[in-house]
Amino acid sequence: MKVCKTVDEIRAYRWLDPRQSWGLVPTMGFLHEGHISLVRRARGENDYVAVSIFVNPAQFAPHEDLQAYPRNLQRDLSLLEQEEVDLVFVPDDSTMYPPRSQTFVIVSEVAQPLEGASRPTHFRGVTTVVAKLFNIIQPQRAYFGQKDAQQVVVVQRMIKDLDFNVELVVCPIVRESDGLAMSSRNERLLASQRLAAPVLFRALTAAESAFFAGQRQASDLRQIMIAEIEREPLARLDYVSVANPETLLELDVVEDKALLSGAIFIGDVRLIDNIPIEMGLI
Ligand code: PAF
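As a starting point, this report considers the structure included with it. Source: prediction; values computed, not measured. (Residues numbered from 1 in each chain as written. Predicted model: local features only at pLDDT ≥ 70, side-chain atom pairs only at ≥ 80, totals over all residues. Heavy atoms only, no water.)

1. Things to note about the overall build of the chain
In terms of regular secondary structure, the chain is built from ten helices and nine strands. What you see for the chain is a C-alpha radius of gyration of 19 Å, in line with the 19 Å of a compact globule of 282 residues. On the principal axes, the C-alpha backbone points of the chain span a range of 55 × 40 × 40 Å. The 282 residues of the chain split such that 51% are buried. Of the roughly 13500 Å² that the chain leaves accessible, carbon and sulfur atoms contribute 50%. Side-chain charges in the chain split into 29 positive and 38 negative, and the spacing between the mean points of these groups amounts to 4 Å. (Helix = DSSP H or I, 4+ residues; strand = E, 2+ residues; numbered from the N terminus. Rg over C-alpha atoms; globule rule 2.2 N^0.38 Å. Buried < 20%, exposed > 50% of the residue type's maximum accessible area, 1.4 Å probe, protein only. Areas by Shrake-Rupley, 256 points an atom, 1.4 Å probe, with all protein chains shown as cover. Lys, Arg positive; Asp, Glu negative; His and termini not counted. Charge placed at Lys NZ, Arg CZ, Asp CG, Glu CD.)

2. Focus: the pairing of strand 3 (residues 48–53)
In terms of burial, strand 3 is largely enclosed, as five of its six residues are buried. Examined bridge by bridge, strand 2 (residues 22–27) and strand 3 share six bridges and lie parallel to one another. Counted as the bridge partner of W22 is Y48 from strand 3. For the crossover that starts at strand 2, traverses helix 2 (residues 33–45) and ends in the parallel strand 3, the hand is right-handed. Where strand 3 meets strand 4 (residues 87–89), three bridges bridge the pair, whose relative direction is parallel. What sits directly across from A50, in strand 4, is L87. Since strand 3 and strand 4 lie parallel, the crossover through helix 3 (residues 73–82) that links them has a hand, and here it is right-handed. (Pairing = 2+ DSSP bridges. Right-handed = clockwise from strand over helix to strand, strands pointing away.)

3. Thoughts on helix 6 (residues 122–137)
The end-to-end C-alpha separation of helix 6 is 23 Å, in line with the 22 Å expected for 16 residues at 1.5 Å each. Burial of helix 6 is extensive: 13 of the 16 residues sit out of reach of the surface. At the exit of helix 6 stands Q138, carrying a positive phi of roughly 50 degrees. (Expected span 1.5 Å × (residues − 1).)

4. As for the pairing of strand 6 (residues 167–171)
The pairing of strand 5 (residues 141–145) with strand 6 spans five bridges and is parallel. Residue pairing for strand 6: Y143 is matched across the bridge by V169.

5. Details of the side chain of E228
Relative to the helices and strands, E228 is located in helix 10 (residues 218–230). A polar contact of 2.9 Å, which involves the side chain of E228, links it to the side chain of R231. When near neighbours in sequence (up to four residues on either side) are disregarded, E228 contacts V199, R202 and A203. (Polar contact = N/O pair within 3.5 Å; in protein donor to acceptor, adjacent residues only side chain to side chain. Contact = heavy atoms within 4.5 Å.)

Next comes the structure, spelled out in structure tokens:
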């Protein structure tokens, strides 16, 4: 497994055999089973697998948890070695954002609601770094988790709009046994907070059950989620949403499909989760 810190090193290795296919798994490290599921899928579908590990400052607002974001590079590298990853890109901040860099990639409409409303500069940081990773590594496929549902929609829009020659592969959410979606941020939860954290998944599944029992009013589905979250004293609601899965705009009535999603704070840890629902799919 080759570990590279610079763009030149990556390019030299990437193009040793131009006929081979490459899959990229972009990450911010502190890897868990969710990341490993992406790596395994990439391993099965490509000749070469690259993983990037970069805690991207551009996608954190000044008051957010950039400094507290968990990191453990040695552990990450040994996990990736076990998965037979070929190339790991571990740039530092000045490699990704050299002094005087002043270019951002901004996706407009689909980046604005939901996470974009709570974190207005988040997605321009994500799309800028993902565009740079695509340019540096030039993978045929890139693997993203469904957990960041809006990120998938935003990156897909960017790929189409900027003609990136990359297939975006979306992999299912991996959950703990109590339903909590795996996330590097779960590490920051204290024991009592960890017990409270599955409330978001419970809220989403309650709304999902109501939908399949015939409830079509989006406001009622939102209310079901809010009521469940409010029952947990350690949880603070950020938002819940019943949105069109393509435009991410809020629905009045769910016709055949929707994206149920939400964000909560447990202490200062912000958790997100979602369940796509579709008539005939259960
Ligand atoms: O999903 C993430 O971990 C990050 O947003 C990504 C895609 C690695 C970009 O920094």
